[in-house]
Amino acid sequence: MKVGLRDTSAPFATRNANGTYDGFEADIAREIARAIWGTNDDPDTHIEWVSIDMSTRVSALTSNQADLVLAALTIDDDTAKVIDLSDP
């Protein structure tokens, strides 16, 4: 599962020197991986982290660079015309 995160947006997501991600949005991605593949596996083995920024959040989804974006992507009418959004 390719997950797009902003890697300099603490406390939501930060990329450590060793390349691992920490923060609220990284934890959500791991919980989604556990829900899909089960709790016995390390969720990070199922996640390919994709570094994005505010300007590439939607394009990462529409170009298949990411399957899921957890980067403070807000729900609005313009974005909803381009991608499917979760319910609030």
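Residues numbered from 1 in each chain as written. Predicted model: local features only at pLDDT ≥ 70, side-chain atom pairs only at ≥ 80, totals over all residues. Heavy atoms only, no water.

Here's the deal with the overall build of the chain
Then, number 1: Scanning the chain from N- to C-terminus turns up 3 helices and 6 strands.
Then, number 2: Listed by position from the N terminus, the elements making up the chain come as β-β-β-β-α-β-α-β-α.
Then, number 3: In terms of C-alpha radius of gyration, the chain reaches 13 Å, essentially the compact-globule figure of 12 Å for 88 residues.
Then, number 4: Taking the principal axes of its C-alpha atoms as reference, the chain extends roughly 40 × 30 × 25 Å.
Then, number 5: Relative to its 88 residues, the chain shows a buried fraction of 33%.
Then, number 6: Surface summary for the chain: the accessible area is close to 5500 Å², and the carbon and sulfur share equals 49%.
Then, number 7: The positive charge centre, built from 7 side chains, and the negative charge centre, built from 16, are 3 Å apart in the chain. (Helix = DSSP H or I, 4+ residues; strand = E, 2+ residues; numbered from the N terminus. Rg over C-alpha atoms; globule rule 2.2 N^0.38 Å. Buried < 20%, exposed > 50% of the residue type's maximum accessible area, 1.4 Å probe, protein only. Areas by Shrake-Rupley, 256 points an atom, 1.4 Å probe, with all protein chains shown as cover. Lys, Arg positive; Asp, Glu negative; His and termini not counted. Charge placed at Lys NZ, Arg CZ, Asp CG, Glu CD.)

Overview of the sheet that holds strand 3 (residues 13–15)
Then, number 1: If you walk across this open sheet you meet the 3 strands as 2-3-4, and the pairing is antiparallel. Edge positions in the open sheet fall to strand 2 (8–9) and strand 4 (21–22), since each of these has one partner strand only.
Then, number 2: One ladder, built from 2 bridges, connects strand 2 with strand 3; its direction is antiparallel. When the sheet's bridge partners are listed, Thr8 is paired in strand 3 with Thr14. (Pairing = 2+ DSSP bridges.)

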